[in-house]
Amino acid sequence: MSTDTTVADSRVTSMANAIRALSMDAVQAANSGHPGMPMGMAEVATVLWSEYLKFDPSAPDWMDRDRFVLSAGHGSMLVYSLLHLSGYANPTMDEISRFRQLGSPCAGHPENFLLPGIECTTGPLGQGLAMAVGMALAERHLNAKFGDELVDHRTWVIAGDGCLMEGVNHEAIGLAGHLGLGQLTVFWDDNNITIDGPVGLSSSEDILLRYQAAKWHTVRCDGHDPESIRAAIDAAMADPRPSLIACKTVIGKGAPNKQGTSAVHGAALGADEVAAARKEIGWTAEPFTVPDEILADWRKTGERGKTAHAEWNKRLENAPNRGDWEQHMMPVGDLASAALEDFMTGFAREPKTIASRKASEMALGPLTEKLASLVGGSADLTGSNNTKTKFTDPLTADNYAGRYVYYGIREFGMACAMNGMALHGGVVPYGGTFLIFSDYARNAIRLAALQQTRVVFVMTHDSIGLGEDGPTHQPIEQVMSLRLIPNLNVFRPADIIETAECWALSLESEDTPSVLALTRQNLPQLRGANMADSGDENWTRVSNKSARGGYRLKSAEAERKVILMASGSEVHLAVEAAKMLEADGIGADVLSMPCLDLFEQQDAAYKEDLLPEVNPSEILRVSIEAGVTQGWERYTMARGLNIGIDRFGASGPAEDLFERFGFTPEAVTARIKDALAGN
């Protein structure tokens, strides 16, 4: 080894020890956290950040930066140390010293909305790696559109055994290998330890063979030898396939009495072991203090990226496709509504009876034609979800410029990838599956909401209306359970007009993901020329009635005795029941409630107008939805009537099932009359 290399490796060791010191000090101060992984992966992270990673600490949102994802999010002090040491404005040392404390951005697991430089929220194991697949896919897509001059960056991931054990890992690496995402590199912290003890307690598979079978390049390195780490990274960068680097490490390296054991995985080292570790690594500085020489070495790591950023800015300024780039990066919200205006007014004037999944496909036509950043897909249900249009060619390893991803039967992996694409930027992803399979993707949907990403989850076959496939495929509790997730708009539109409105709202919501719950069965159009006061024949963004979450579709003609509220396929049922009630002199309002989440955001006066606070004996509130009734009590009150399905469905034709479960105008009207009579 040359003298220069020896000096460089010595510098790496000192810089890595800064990570170790900050990590063990922060976890010790909090008496909570995971010091083992940051201490074990310190050399790998140091080599990556100081010699390979392209980043500019002064511009964390630079589009052509490399993406770094700490999939093993429990080791969050690794990335907090890296951000501080390399010169990001935050976290400050004071914030690091308050690790895991209320008010500090240094949360127990990295949160993308708390700190610039955190590319995604991680902690639920496996999802960071799976989101990184989406980031790498977005990079290749934009590269195909705009070329190397504007888009040419890599995605780097640090993952642990847990990330590789989770089922979503199988889905994610299969997709990445199939699409040949060669700009993606995963560092596996191969330390042979989980919380319970040695990995051998629960796993004996050959990880590298599994990745190789998924069409990945694999290589091993000594995770504490800088030269070995460099050789592995160079090999990964030279291979056209995605790469897994198995980094053999000692968890908690530097803690002489606990390293290599599960004792350092998820607990503070203890004062005595911290003192012993400081002696072991030769660290004499006080807690939360980094010697000037070491800090200066760390601060130099961002200089290469700053130069690269400045060169990129010059290329963008002179790029012949600069106008296309800037147009592509424009917010899509206002553009979405504009793209739908002709569509909306056309159907308002010429009503159609179609399934809302078909209405969604028709709305996607002008949206995908006019919004180039929309990238769709489906988990092997394209013909059922109706998510592909003539403007979205397949996105494949041979055509990254395509705008439609065939995700295969990978609902969880698809949802994670879409989160990663949205977080990367430059892409607005949407993807479809059956609503019942939202349970497979639920944790990624929740993480989309937590991360404040604009992702549209197209969930079709939303009720017993899907028919013969039976109770295994018929959603009962799914719509209401998804409504429980904060910052998630769950849309269940009643007709083609509401479906298009909900698409516009989904794309306008930059910080909120959306679920579109759509029918298999046809629905009559309830708004447009067939309702004289609708105003939809001159539809614009400001006339989007679904934006309120709920609105009065029909006002009572006789003295109001009933308020019917429904969503989706049951709105037309409410309209028919209201007609029957009116024929008997019972006045009935009909409220369409496409999105309870948005309705809850309306002011008190608006809610009071739709749902006046009166004696229940004067006005009966009725909810109608082909799903669980739990949750509707918020609007119907204790003495209201909730018509739904609080059991599993059955196999049979849709019309027979609706009749069997009481979803006919006659059955609904009879139940309302009984309730009015006090029965």
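Heads up: these notes are all about the structure in this document. (Residues numbered from 1 in each chain as written. Predicted model: local features only at pLDDT ≥ 70, side-chain atom pairs only at ≥ 80, totals over all residues. Heavy atoms only, no water.)

The next subject is the nonpolar core. With 65 residues, the main nonpolar core has L129, W216 and F457 as its most contacted residues. Look past the residues within four positions of W216 in its chain and what remains in contact with it is I173, A176, G177, L184, V186, Y211, R241, P242, S243 and L244. Among the nonpolar cores identified, the runner-up in size contains 57 residues, and V27, L85, I96 and I294 belong to it. (Core = buried A, V, L, I, M, F, W, Y, C linked by side-chain atoms within 4.5 Å. Buried < 20%, exposed > 50% of the residue type's maximum accessible area, 1.4 Å probe, protein only. Contact = heavy atoms within 4.5 Å.)

Time to look at the sheet that holds strand β20 (residues 641-643). The strand order across the open sheet built from five strands is β16-β18-β17-β19-β20, with neighbouring strands paired in mixed fashion. Two strands in the sheet have a free side with no partner beyond their single neighbour: β16 (551-554) and β20. Going from strand to strand, the sheet's axes swing by 25° on average, the running direction of each strand aside. Here six bridges tie strand β17 (residues 560-566) to strand β18 (residues 587-592), and the two strands are oriented parallel to one another. (Pairing = 2+ DSSP bridges. Helix = DSSP H or I, 4+ residues; strand = E, 2+ residues; numbered from the N terminus. Axes fitted to C-alpha atoms, helices over the stretch in contact; angles between N-to-C directions.)

Before going further, it helps to spend a moment on a negative patch on the surface. Together, E655, D656, E659 and E666 line one region of the surface with negative charge. With three residues, the single largest contributor to the negative patch is helix α26 (residues 654-660). Among the secondary structure elements, E655 is positioned in helix α26. By relative accessible area, E655 is classed as exposed at 56%. (Patch = residues over 30% accessible without salt bridge, like charges linked within 9 Å, V, L, I, M, F, W, Y side chains within 5 Å. Areas by Shrake-Rupley, 256 points an atom, 1.4 Å probe, with all protein chains shown as cover. Salt bridge = Lys/Arg side-chain N within 4 Å of Asp/Glu carboxyl O. Lys, Arg positive; Asp, Glu negative; His and termini not counted. Charge placed at Lys NZ, Arg CZ, Asp CG, Glu CD.)

Our focus in this paragraph is the packing of aromatic side chains. Ring pairs (aromatic) are described by centroid distance and by the angle formed between their planes. In this structure the tally under the stated criterion is 19 aromatic pairs. Ring geometry for W49 against F55: centres 4.9 Å apart, planes inclined by 55°, an arrangement best described as tilted. With centroids separated by 6.2 Å and ring planes inclined at 75°, the aromatic side chains of F658 and F663 adopt a geometry described as edge-to-face. F663 matches F658 in its accessibility class, with the two residues each being buried. Among the aromatic residues, those joined into a cluster by ring pairs are W49, F55, F68 and Y88. The ring of Y606 has R548 sitting right over it, with the charged end atom 4.0 Å from the ring centre. (Phe/Tyr/Trp six-rings, centres within 6.5 Å; stacked < 30°, edge-to-face > 60°. Lys NZ or Arg CZ within 6 Å of the ring centre and 35° of its normal.)

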